[in-house]
Protein chains: 2
Amino acid sequence: MTTLQLSDYQIHVGDFWPTFTDFLNEKKYTHILVLVDEHTEGACLDRFRSRFPEKMHTIRIPSGEVHKTIDTCQKIWLDMFAARADRRSALICLGGGVIGDMGGLAASTFKRGMDFIQMPTTLLSQVDSSIGGKLGIDFAAVKNSIGVFANPKAVFISSEFLETLSPREVRSGFAEIIKHALIADAEQWADLSKIDDLTTVDWDKIIVPSLKVKQHVVEIDPFERGLRKALNFGHTIGHAVESMALETDNPLTHGEAIAIGMICEAYLSKILRGLPEADFEEITQFILKIYDKYDIQQFDSQKLIALMRQDKKNDGNEINFTFLPKIGEVAVNCTATPQYIIESLAFYSQLS
Amino acid sequence: MTTLQLSDYQIHVGDFWPTFTDFLNEKKYTHILVLVDEHTEGACLDRFRSRFPEKMHTIRIPSGEVHKTIDTCQKIWLDMFAARADRRSALICLGGGVIGDMGGLAASTFKRGMDFIQMPTTLLSQVDSSIGGKLGIDFAAVKNSIGVFANPKAVFISSEFLETLSPREVRSGFAEIIKHALIADAEQWADLSKIDDLTTVDWDKIIVPSLKVKQHVVEIDPFERGLRKALNFGHTIGHAVESMALETDNPLTHGEAIAIGMICEAYLSKILRGLPEADFEEITQFILKIYDKYDIQQFDSQKLIALMRQDKKNDGNEINFTFLPKIGEVAVNCTATPQYIIESLAFYSQLS
């Protein structure tokens, strides 16, 4: 097991069960609650209970982003009252990003704050949303528009939960691992780029350096005022593609869309920020090895650009990008004209 | 104008308008929103607009504790979206405790946090809820059960808003001023106890030392782990009396109930914590001079004690009190048996 020390909590990666038990014994919580959805209640909660059979109260919510709402949050609060939870109780969020974001928010606001513990079960939440303190729900059709910044008391990450995922879900999380290496860790990129098959990867080993990148960024800029935009690489175009794919019969996972976004934004980095041709080739070839090509020519490029303009990271009328001057380095607050953006989309489309 | 410096914000008391204008000019908020209810929209918003005619967006909610709910909070969030507010906008809470507590919560959670500014318009909110960072709404029939701790960017207090209050509302806020003096400021108590008529008081002068007491307490114990219980003097019995009075045709204001609670808990302080007889007499006589006697013999004392047992400040089965060893000193985590509590209620009832 590896432990990362953040400003006010620790992340434990690997076989964390003895540490987890010690942690709870030391905390002496009045009540322990565990939040699951119908997916994690099966596979993950059984594993959890077999390792930690102590008395606790289970709160169940329906799975999926569509339920990341104030109504579900109210259901969690009511269940907390029913379990007689108080400020000295704790909520364990056992699931993916929705469970972690919404469970963390519900706990942070229950009686003005009870502890919560992240136990992310998807690769995406393990390397991304479980660290950084961004909690929230969707409101008024805007993603994560209501929430708070608050840190968990601890994060426990184990690859054993990844066995419960489909290969496609693993690929989705892997895109953020690629991104972390590209923006800040050329050494990890060298290791990653040798991977041919995601089913044989030792995830506990890969996750640690990836988390360190995100740790570094969020500790310098916890409230998203500057450097944190580094994490946006691949996301300006990726988010727009993800939104439009969502309207089709063949939607993309978050990571699949970010993979497309990273190729297009690497292309823009090459043209506008001097990313070396060799780095650009490496990035493109590796992403194509892991991710199937997707038809983005079906999308109206003006609509894609209109979506990019709506991004809350923009300042004024310009579209905000994070570019790579080279692998392992990042430049925030870049911009590109619609013409260049369209050129990058066309570049992706002609790849084979 | 007097300015109090807290850890991360300032409280301005008196003629604050030039300071308020400078503050907003310096902050360069993208949008300024002001939250009012039907009471403060009339008297207070007109005064506000006459002093500060800049462009801003008004959000209106219905007045009263009954509307301090997640539904009203959602209405505030929707109005914030409609006003195109973002993280660099600010909400001014112009009203009493409900406006301040709920507006602060709505702002703290909108897009994970926009600034809010307290401009309390009742004496109670000026000396009590506007300082201390406790924000919240009522949920599942429990007062303030959902919320966060978060500080405003500034608090602006002026006695000119008190002109909009009824004498009864002024008396309600005055009880917390009495409490602050009794627990920590014998000097202010000496000044207060000379007051015969609340209509001739220079409130800006009285409010400052009262705020300093609360400032001291909340800075030492922001998350209510210990010393903050000092503020509970008069509230164990006061809250129970307030709850039962609420069910009658003749309900009490918060301050009227706390005034009764302070007499009863001063009685207990005399018997159980050595409050000198002279101090006890002073307290009782002064409170009776300001507040009319109320018939508490109509209440079943067992029901009152059952209500006291439900208080979230209790530990185990004991009823938690804050007592006065003498005027200006406080002892937290005290307890009293039901027999003594009943005796203190009987003492109040025989007063004339």
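About the criteria used
Residues numbered from 1 in each chain as written. Chains lettered and ligands numbered in written order. Predicted model: local features only at pLDDT ≥ 70, side-chain atom pairs only at ≥ 80, totals over all residues. Pairing = 2+ DSSP bridges. Helix = DSSP H or I, 4+ residues; strand = E, 2+ residues; numbered from the N terminus. Axes fitted to C-alpha atoms, helices over the stretch in contact; angles between N-to-C directions. Buried ≥ 20, exposed ≤ 12 C-beta atoms within 10 Å, placed from the backbone. Expected span 1.5 Å × (residues − 1). Bend = angle between axes of the 7 residues up to and from the residue. Contact = placed C-beta atoms within 7 Å. Domains from an automatic or database assignment. Parallel < 35°, antiparallel > 145°, perpendicular 65-115°, else oblique. Nonpolar A, V, L, I, M, F, W, Y, C, P; charged D, E, K, R; others polar. Least-squares fit on C-alpha atoms with pLDDT ≥ 70 in both.

Chemist: Is there a simple way to explain the sheet that holds strand β2 (residues 10–13) of chain B in this structure?
Modeler: Pairing between the strands of a sheet is mediated by backbone hydrogen bonds and can be parallel or antiparallel. Residue and element names in this part refer to chain B. An order of β1-β2-β9-β6-β5-β3-β4 is seen for the seven strands of this open sheet, with the pairing classed as mixed. The open sheet has two edge strands with one neighbour each: β1 (2–5) and β4 (57–61). Strand after strand, the sheet turns through a mean of 20° between neighbouring axes, direction not considered. The sheet contact formed by strand β6 (residues 115–120) and strand β9 (residues 154–157) spans two bridges and is parallel.

Chemist: Explain unusual backbone geometry to me, please; I cannot follow it from the model alone.
Modeler: Negative phi values dominate among residues other than glycine, just as trans dominates among peptide bonds. Residues and elements named next belong to chain A. For Lys111, which is not a glycine, the phi torsion comes out positive at approximately 50°. On the secondary structure map, Lys111 appears in the loop between α4 (97–109) and β6 (115–120). In this structure Lys111 comes out as buried when scored by C-beta crowding, with 22 C-beta atoms within 10 Å.

Chemist: What exactly am I supposed to notice about helix α2 (residues 38–51) of chain B here?
Modeler: Since the α-helix turns once every 3.6 residues, residues separated by three or four places project in the same direction. All names here are of chain B. Between the first and last C-alpha of α2 there are 20 Å, a value that for 14 residues agrees with the 20 Å anticipated at 1.5 Å per step. The largest bend along α2 measures about 45° and falls at Cys44. Of all the residues in α2, the buried ones are Thr40, Cys44 and Phe48. Where α2 is buried, its residues meet β3 (32–37), β5 (90–95) and α4 (97–109).

Chemist: Even after reading the chapter, I still don't get the sheet that holds strand β9 (residues 154–157) of chain A, so can you show me in this structure?
Modeler: All names here are of chain A. Ordered by their spatial adjacency, seven strands build an open sheet running β1-β2-β9-β6-β5-β3-β4, and the pairing between neighbours is mixed. Sheet topology places β1 (2–5) and β4 (57–61) at the edges, where each strand pairs with a single neighbour. Each adjacent strand pair in this sheet contributes to an overall mean axis angle of 20°, direction not counted. Pairing analysis gives six bridges linking strand β5 (residues 90–95) to β6, with the strands arranged parallel. Bridge pairing in β6 places Gly95 opposite Pro120. Helix-sheet contacts for helix α2 (residues 38–51) involve β3 (32–37), β4 and β5, and the interaxial angle to β3 is about 135°. Together, β3 and β4 form the strand contacts of helix α3 (residues 70–82), whose direction differs from that of β4 by roughly 165°.

Chemist: Whenever I open this one, the domain arrangement of chain A confuses me. Can you help?
Modeler: The parts lose accessible area when they come together, and the size of an interface is often stated as this lost area. Residues and elements named next belong to chain A. What the domain assignment reports for chain A is domain 1 (2–164) and domain 2 (167–350). Computed from C-alpha atoms alone, the centre-to-centre distance between domain 1 and domain 2 is 27 Å. Tallying the contact residues gives 20 residues for domain 1 and 22 residues for domain 2. For the side of domain 1 that touches domain 2, the elements supplying multiple residues, two or more each, are β1, β2 (10–13) and α5 (123–129). Sorting elements by how many residues they give to the side of domain 1 that touches domain 2 places α5 first, with five residues.

Chemist: Help me understand the packing of helix α10 (residues 254–273) of chain B against helix α11 (residues 277–290) of chain B in this model?
Modeler: Pairs of packed helices are described in terms of their axes, by the angle between the two and the distance that separates them. All names here are of chain B. For the pair α10 and α11, interaxial distance at closest approach is 10 Å and the crossing angle is 170°. Classed by the angle they form, the pair α10 and α11 counts as roughly antiparallel. Between α10, through Ala259, Met262, Ile263, Ala266 and Lys270, and α11, the contact on the second element is made entirely by Glu277, Phe280, Ile283, Thr284 and Ile287. The class makeup of the residues in the contact of α10 with α11 is seven nonpolar, one polar and two charged.

Chemist: Looking at this structure, I do not really get the environment of A:Ala90. What am I missing?
Modeler: Residues and elements named next belong to chain A. Examined against the element boundaries, Ala90 turns out to sit in strand β5. Residues Ala90 and Leu304, 214 residues apart in the sequence, show an inter-C-alpha distance of 42 Å. Apart from residues no more than four positions distant in its own chain, Ala90 is found in contact with Lys27, Tyr29, Ile32, Met114, Asp115, Phe116, Ile117 and Lys153.

Chemist: What am I meant to see in the interface of chain A and chain B here?
Modeler: With 20 residues of chain A at the interface, the matching set in chain B holds 20 residues. The set of elements that each furnish at least two residues to the side of chain A that touches chain B consists of α3, α4, β7 (134–139) and β8 (142–149) of chain A. Its residues assigned to classes, the side of chain A that touches chain B comprises 10 nonpolar, seven polar and three charged.

Chemist: Before we go on, may I ask you to explain the environment of A:Met56 in this structure?
Modeler: Residue and element names in this part refer to chain A. For Met56, the location among the structural elements is in the loop between α2 and β4. Exposure remark for Met56: the 17 C-beta atoms within 10 Å place this residue in the partly exposed category. Residues Met56 and Phe174, spaced 118 residues apart in sequence, show a C-alpha to C-alpha distance of 33 Å. In contact with Met56, not counting residues within four places along its chain, are Ile32, Leu33 and Val34.

Chemist: Help me understand the relation of the copies chain A and chain B, please; the structure alone is not making it clear to me.
Modeler: In this arrangement, two copies of a chain are superimposed by a rotation about an axis accompanied by a shift along the axis. You can overlay chain A on chain B at an RMSD of 0.0 Å; the transform is a turn of 180° with a shift of 0.0 Å along its axis. In symmetry terms, the pair is related by a two-fold rotation axis. A share of 100% of interface residues in chain A that are also interface residues in chain B marks the association as one of identical surfaces.

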